[in-house]
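# Structure assessment
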Amino acid sequence: MSIKTRSGLPLQRVYMAERGEGERPGEFPFTRGRLSNPHTRTNWIQRELSGEGDGRRSNEQIRYLLDHGQTGIDVIGDAPTQSLLDPDHPLAREAVGTQGVSLCRKQDFLDLYKDVRFDEASISSSVPAFFALAGLVLAARAANFPFDRLRGSILHGPLYTEDCSYAWHLPVEFRVRLALDSIEYCSRHMPKFHAYLEDTYFFSESGLTPIEEMALGFVQLRHLVRKLVARGMAIDSFAPRIAFLLNCGMDFFEEIAKIRATRRLYAKMMRDEFGALNPRSLSVAITSHTSGLSLTAQQPINNVVRGAVQALALVLAGVQALEISAFDEAYRTPTKDAHIVGLRTQQILDLESGAAKVLDPLGGSYFLETLTDQLEERIRARIDVLEAMGDPETLSACGFFREIFHRAMEEAQHGVERGELSVVGVNVHRMADEEDTLLRGVTTCKIETCHRHTETIERFKRERNIARLCEGLEGVAVAAAGSENIVPAVIAALDASATIGEIATTMRSALGMPPDLFDHPLPNRSSGNRHVA
């Protein structure tokens, strides 16, 4: 199908230098794009992060978005789920379903994905990866859908999750093992699934610069890839299904250049350091979530504009999937109104703006090409500095990365307070509270704690087959204490009515830790090397 401007001027899919020289999209090192001819029915997977209440309530959100044109699914778990706690845990009861969906057992996943067409939508989630993987496999099995045809992704952040996200209270070495086991399992049984999504989004929201974000992302990715190769896995057996989930802030051109530099760095790394041969091992898929940190509680209508600006940067950079942080993020997980605004923003960019008609439309810009080169050089240099500090797992255990995140948080906040970073509605162009009314009623609508689900879980635990449960948990204990891949044991335990909290406490017990860390204070971390490079 020919493409043209509104005036009828014909457009090429790709534009090159006058003599046709230079890199083309889909060619090494993939600066200009992963594919030479994207073939999806939209130019990128369009989705909005959802999750609220229990699995049934969140299923309603998913189906609403799919009915309105969403082409992928991304679900976020609530705070207890992210922390490996069941809803009936004393510290979880008041948070159930308020910041995402409560998922703790097999039935929750069946409710969540009820009537979802696995052959039509990719399934991703911001839920502990080993648990999300087990739940998705069981949901596909219940729907008689072959899980070797499942598409989607799971997030891994074993080095950083304890320091800037929800704490699992598992040793870093074991968190790394859970990531490796999940990737290995998917590479053998789920070839269409992105088993390793390197999630730089969650830790970059601490206020990191794009250079620091990508350097830390590559440090973690390189560490896990080395570990997988050390297990005897061929690089081309898993690298084609690696992807990045990046943040996108308000520095429009730097964010575009960051994505272009990331593709280039990744391609060179995979070819030159790891010896990958498969072209798909060299061309990394990139998905991105617009920055929640950039959104404000003041004048929430401005957040619609921020989301649109960031989404446009991502479209011009050629990402494979996109999510827009909802305008009410400063207050809550998205309302229906916020969901539809985010989705319609993507659809307008796709169908009306013409921004995606040409691949890498800013390629060749003196400014952007220079910025891309500079970011590649700076990210590479920062990787070298961080890796020279020592083993990443040791650095994680001694609090090295935590200091980086905490410093970034402080500097970002101080930048706003000192006026070095302008934020409209916060430190410039402020409004009196009585004037700041646009979208205020929608954004401040409160999410009630899902006590009903807690009661359901308490009843479920009383009525299940205890002998079958114990057998499933024993399998987790044996696998955790041994060296076999733990994913099949987690799947079996979840199928045998175990919950996320019980699986986590079983893992801790097998590792010689107190089962419930909230009843046993964590030992002080080793002082280690606290110097931040």
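Residues numbered from 1 in each chain as written. Predicted model: local features only at pLDDT ≥ 70, side-chain atom pairs only at ≥ 80, totals over all residues. Heavy atoms only, no water.

## Describing the overall build of the chain
This is how the line gets drawn: Helix and strand assignments come from DSSP, with helices taken as H or I runs of at least 4 residues and strands as E runs of at least 2, each series counted from the N terminus. Computation of the radius of gyration draws on C-alpha atoms, with the globule rule given as 2.2 Å multiplied by the number of residues to the power 0.38. Think of it in three bands: residues with accessible area under 20% of the maximum for their type are buried, residues over 50% are exposed, and the middle band is partly exposed, with areas taken using a 1.4 Å probe on protein chains only. Contact criterion: two residues are considered in contact whenever any of their non-hydrogen atoms come within 4.5 Å of each other.
For the chain, the helix and strand inventory stands at 21 helices and 11 strands. Against the 2.2 N^0.38 benchmark of 24 Å for 533 residues, the chain shows a C-alpha radius of gyration of 23 Å, consistent with a compact globule. The burial tally for the chain puts 57% of its 533 residues in the buried class. Taking contacts inside the chain between residues at least 6 apart in sequence as the whole, the part at least 24 apart equals 78%.

## Side note on the nonpolar core
The line we're drawing: Definition used in this section: a nonpolar core is a set of buried Ala, Val, Leu, Ile, Met, Phe, Trp, Tyr and Cys residues joined via side-chain atoms within 4.5 Å. Domain start and stop points were drawn from an automatic or database domain assignment.
Tyr160, Tyr266, Met270 and Met507 are the most contacted members of the largest nonpolar core, which has 127 residues in total. A per-element tally of this core places helix H4 (residues 129–142) first, with 11 residues. If you count residues domain by domain, this core takes at least three from each of domain 1 (29–417) and domain 2 (465–511). Here Tyr160 is in contact with Phe202, Phe203, Leu216, Val219, Gln220, Phe401 and Phe405, once residues within four sequence places are set aside. Leu155, Leu197, Tyr201 and Ala243 belong to the second largest nonpolar core, which has 6 residues in total.

## Regarding the environment of Tyr64
Among the secondary structure elements, Tyr64 is positioned in helix H1 (residues 55–67). Each C-alpha atom of the pair Tyr64 and Lys336 lies 8.7 Å from the other, and the pair is 272 residues apart in sequence. Non-local contacts of Tyr64, meaning those with residues more than four positions away in its chain, are made with Lys336 and Ile340.

## Some details on the packing of aromatic side chains
Rule in force here: When two rings of Phe, Tyr or Trp (its six-membered ring) have centres within 6.5 Å they constitute a pair, described as stacked for plane angles under 30 degrees, edge-to-face for angles over 60, and tilted for the intermediate range.
As enumerated under the stated definition, the model contains 15 aromatic pairs in all. With a centroid separation of 6.3 Å and 80° between ring planes, the pair formed by Phe28 and Phe30 is classed as edge-to-face. Note on Phe28: relative accessible area 29%, which makes it partly exposed. Relative to Phe405, the ring of Tyr160 has its centre 5.6 Å away and its plane inclined at 85°; by these criteria the two rings are edge-to-face. Here Tyr160 is found in the loop between strand S7 (152–156) and helix H5 (161–164), whereas its partner Phe405 is found in helix H16 (residues 400–417), with 245 residues between them in sequence. In terms of burial, Tyr160 and Phe405 fall into one category: buried. A connected cluster of aromatic rings, assembled from ring pairs, spans Tyr160, Phe202, Phe203, Phe400, Phe401 and Phe405.

## What to know about the pattern of salt bridges
Short version of the rule: Just to be clear on terms, a salt bridge is a Lys or Arg side-chain nitrogen sitting within 4 Å of an Asp or Glu carboxyl oxygen.
Inspection of every chain in the model, using the stated rule, returns 41 salt bridges. Note that Lys258 and Glu213 form a salt bridge whose closest N and O atoms lie 2.9 Å from each other. Note that Lys258 is positioned in helix H10 (residues 252–273) and Glu213 in helix H8 (residues 210–230), a separation of 45 residues in sequence. Across the pair, exposure class does not vary: Lys258 and Glu213 are buried alike. Here the salt bridges share partners, and the residues they tie into one network are Arg222, Arg226, Glu273, Arg380, Asp384 and Glu387.

## Description of the pairing of strand S10 (residues 285–290)
Heads up, the condition is: The pairing criterion is simple: DSSP has to find at least two bridges between the two strands.
The buried fraction of S10 amounts to 6 of the 6 residues, a majority that puts the element mostly inside the structure. Of the two faces of S10, the one lined by Ala285, Thr287 and His289 and the one lined by Ile286, Ser288 and Thr290 are each fully buried. In this structure, strand S9 (residues 242–248) lies alongside S10, joined through 6 bridges in parallel fashion. Its bridge partner being in S10, Cys248 is matched across the sheet by Thr290. Sheet analysis places S10 next to strand S11 (residues 321–323), joined by 3 bridges and oriented parallel.

## What about empty space enclosed by the protein?
Any empty space left between atoms is shown by rolling a water-sized probe over those atoms. For clarity, the cut-off: The rule is simple: put a 1 Å grid over the protein atoms alone, call a set of points where a 1.4 Å probe fits but cannot get out a cavity, call an open set with protein on both sides within 12 Å along at least five of seven lines a pocket, and count a residue as lining if it has an atom within 4 Å of a point. Grid points are joined across faces, edges and corners, and a volume is the space filled by probe spheres set on the points. Amino acids outside the nonpolar list (Ala, Val, Leu, Ile, Met, Phe, Trp, Tyr, Cys, Pro) and the charged list (Asp, Glu, Lys, Arg) are all regarded as polar, and Gly is one of them.
Applying the stated criterion to the full structure yields 4 cavities of 30 Å³ or more. Of the voids in this model, the largest cavity is the one considered here, and its volume is about 70 Å³. In terms of lining, the largest cavity is formed by Asn303, Val304, Gly307, Ala308, Ile324, Ser325, Ala326, Phe327, Ala338, Val341, Gly342 and Thr345. Of all the elements in the fold, those that place two or more residues in the lining of the largest cavity are helix H12 (302–317) and helix H13 (336–351). Of the residues in the lining of the largest cavity, the class split is 7 nonpolar, 5 polar and no charged. Lining the second largest cavity we find Arg47, Asp74, Ser124, Ser125, Ser126, Ser153, Leu155, Leu197, Leu245 and Glu323. When contributions to the lining of the second largest cavity are tallied by element, the ones reaching two or more residues are strand S6 (122–126) and S7. A total of 3 residues in the lining of the second largest cavity trace back to one element, the largest contributor, which is S6. Looking at the lining of the second largest cavity residue by residue, the classes come out as 3 nonpolar, 4 polar and 3 charged.

## Considerations on H12
Put simply, the test is: Each residue after the first adds 1.5 Å to the expected span of a helix.
Taking 1.5 Å per residue, 16 residues should reach 22 Å; H12 reaches 23 Å between its end C-alpha atoms and fits that length. If you follow the buried residues of H12, they end up packed against S9, H10, S10, S11 and H13. One or two positions beyond H12, positive phi appears at Gly318, with a value near 80°.

## So, the side chain of Ser83
Formally: Whenever a nitrogen or oxygen atom comes within 3.5 Å of another N or O atom, the pair is scored as a polar contact, on the condition that within protein one atom can donate a hydrogen and the other can accept it, and that pairs from neighbouring residues in sequence are kept only if both atoms are in side chains.
Looking at where Ser83 falls in the secondary structure, it is placed in the loop between helix H2 (79–82) and helix H3 (106–112). For Ser83, the side chain forms a polar contact with the main-chain oxygen of Ala79, separated by 2.9 Å. What Ser83 contacts, discounting residues up to four positions off in sequence, is Tyr166 and Ala167.

## Some thoughts on the pairing of strand S5 (residues 72–76)
How we decide: With the strands aimed away from the viewer, a crossover counts as right-handed if its path from the first strand over the helix to the second runs clockwise.
Counting buried positions along S5 gives 4 out of 5 residues, so the element sits mostly inside the fold. Relative to S5, strand S4 (residues 49–50) is paired through 2 bridges, and the arrangement is parallel. Across the sheet, Ser50 pairs through a bridge with Val75, a residue of S5. Regarding the hand of the β-α-β motif, the stretch spanning S4, H1 and S5 is right-handed. Where S5 and S6 come together, 5 bridges link them in parallel fashion. Along S6, the bridge assignment pairs Val75 with Ser125.

## A closer look at H16
End to end, H16 covers 26 Å across 18 residues, agreeing with the expected 26 Å (1.5 Å per residue, within 8%). Among all positions of H16, only Phe400, Phe401, Arg402, Ile404, Phe405, Ala408, Gly415 and Val416 are buried. Following H16 by one or two positions, Gly419 adopts a phi angle in the positive range, close to 80°.

## Some words on the environment of Ser288
Looking at the secondary structure, you find Ser288 in strand S10. Taking C-alpha positions, Ser288 is 25 Å from Val426, a pair spaced 138 residues apart along the chain. Ignoring anything within four residues of it in the chain, the contact list for Ser288 reads Leu245, Leu246, Asn247, Cys248, Leu314, Val319, Ala321, Leu322 and Glu323.

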